[in-house]
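What follows is the residue order along each chain.
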Number of protein chains: 2
Amino acid sequence: MNKAYVLFSGGKDSSLSSIILSNLGYDIELITINFGVLDSYIHAQNTAKIIGYPHKVIRLDSEILEKSVDIILDDGFPSNGIQYIHKETLNIISDDFEVIADGTRRDDRVPKLSHAEVQSLEMRKNVQYITPLMGFGHKTLRNLVNNYFEISEKESEELLKSDYETEIRAVLRSRGENPLDYFPKHIQSRVVGLKKR
Amino acid sequence: MNKAYVLFSGGKDSSLSSIILSNLGYDIELITINFGVLDSYIHAQNTAKIIGYPHKVIRLDSEILEKSVDIILDDGFPSNGIQYIHKETLNIISDDFEVIADGTRRDDRVPKLSHAEVQSLEMRKNVQYITPLMGFGHKTLRNLVNNYFEISEKESEELLKSDYETEIRAVLRSRGENPLDYFPKHIQSRVVGLKKR
């Protein structure tokens, strides 16, 4: 099988997606996007070691991050800005890889591509874009995650992750904004161990 | 993990779905729906042996099949009738099982539940409904199927399968209709062997 490059934040969804694709015979390489604002990719590096797949950091132009923050400040809420940053990321990495994947879940709202956008991406870029969790609901994923991983759950302001939100918060702060005005408090989770199976 | 009951036609999609769920730790039982018109479940029984999971036939009321044929004759095309029969099937089996699954693919049109219908099914019936192939596109699935299975591909009129279409065709014939007037010729496939991996 091909190699699959999985967008990886250190969270349970991208971790479980990697395991599903590895089980299917793909060679996995985890990739974490970083815009040079924070060294937040370190957390994903640590989780990558725990789940046992090679990992690399891809540095993208910070203009993408800045523009996503512009969108968030304009809107007063984060969904369109996060959607923008994810679509830009998929577009860019599709130039370099044949098979890409991410941890988008069935019940997620953003970031999530519509079916038409997925097909457009695959055709324009001649890429295979896989979202292994798209057919799994909330309750099923909770069971699977509990089966596979030890999880650390904290408020999003406290937990150090390697997702888009972490650097978006940093840019908001650097512009004198309070991230809590844009991201309501929510529980974030990170994989901190593999359960024995 | 729980037991997962996978709707199984003997085709590549339901076979691959079973493998994904088995890899994730589910105990798999394959179930084939039959309406008592044809013994078409035999083909799924044979494929079940090949892929190595237990299999059972669930007999549903032939009124469901007859009504789906009414819809198809009214419409002049099969999609709404097939959608009806699949939704009825999911509703009925959800009363008996906690985790159900089928081989619906990302790029399928019917049968396919909308996101709202999936959530309604799960809540009404307290069931987990998993569609493991929902995040996989056409090209990716072709690669995976080639990797796992030996496939027999034939025109739909010739290939003996255990899907809804097989019994729908039989009812159409019994009502003096030509199935080809409703189902355009298309290639069907059935799993006839596992590749060594």
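On a predicted model such as this, the values are computed, not experimentally measured, just so you know.

Could you give an account of the overall build of chain A, naming the residues involved and the relevant values?
A tally of regular secondary structure across chain A gives seven helices and seven strands. If one aligns the C-alpha atoms of chain A with their principal axes, the spans along those axes are about 45 × 40 × 30 Å. Per-residue burial over chain A gives 54% buried out of 197 residues. Pairs at least 24 residues apart make up 77% of the contacts formed inside chain A by residues separated by at least 6 positions. Across chain A, 25 positive and 29 negative side-chain charges occur, with their mean positions spaced 7 Å apart.

So what about the interface of chain A and chain B? Which residues, and what values?
Reports often express the size of an interface as the amount of accessible area lost when the parts come together. Taken together, the 30 residues of chain A in the interface contact 30 residues of chain B. Between chain A and chain B, a total of about 2500 Å² is buried, with carbon and sulfur atoms accounting for 52% of that surface. For the pair chain A and chain B, the number of links is two salt bridges. Between the two partners, chain A and chain B, sit 14 residue pairs in polar contact (both at pLDDT 80 or more).

Give a detailed account of the sheet that holds strand 4 (residues 99-101) of chain A, specifying residues and quantitative values.
All names here are of chain A. An order of 3-2-1-4-5 is seen for the five strands of this open sheet, with the pairing classed as parallel. Edge positions in the sheet fall to strand 3 (55-59) and strand 5 (128-130), since each has one partner strand and no second. Taken over all neighbouring pairs, the strand axes of this sheet differ in orientation by 30 degrees on average, direction set aside. Where strand 1 (residues 3-7) meets strand 2 (residues 27-34), five bridges bridge the pair, whose relative direction is parallel. Considered in strand 2, the bridge of Leu 7 is made with Ile 31. Each of strand 1, strand 2, strand 4 and strand 5 touches helix 1 (residues 12-23); the most contacted strand, strand 1, lies at about 170 degrees to it.

The rules behind the values
- Residues numbered from 1 in each chain as written.
- Chains lettered and ligands numbered in written order.
- Predicted model: local features only at pLDDT ≥ 70, side-chain atom pairs only at ≥ 80, totals over all residues.
- Heavy atoms only, no water.
- Helix = DSSP H or I, 4+ residues; strand = E, 2+ residues; numbered from the N terminus.
- Buried < 20%, exposed > 50% of the residue type's maximum accessible area, 1.4 Å probe, protein only.
- Contact = heavy atoms within 4.5 Å.
- Lys, Arg positive; Asp, Glu negative; His and termini not counted.
- Charge placed at Lys NZ, Arg CZ, Asp CG, Glu CD.
- Buried area = accessible area lost by both parts, 1.4 Å probe.
- Salt bridge = Lys/Arg side-chain N within 4 Å of Asp/Glu carboxyl O.
- Polar contact = N/O pair within 3.5 Å; in protein donor to acceptor, adjacent residues only side chain to side chain.
- Pairing = 2+ DSSP bridges.
- Axes fitted to C-alpha atoms, helices over the stretch in contact; angles between N-to-C directions.

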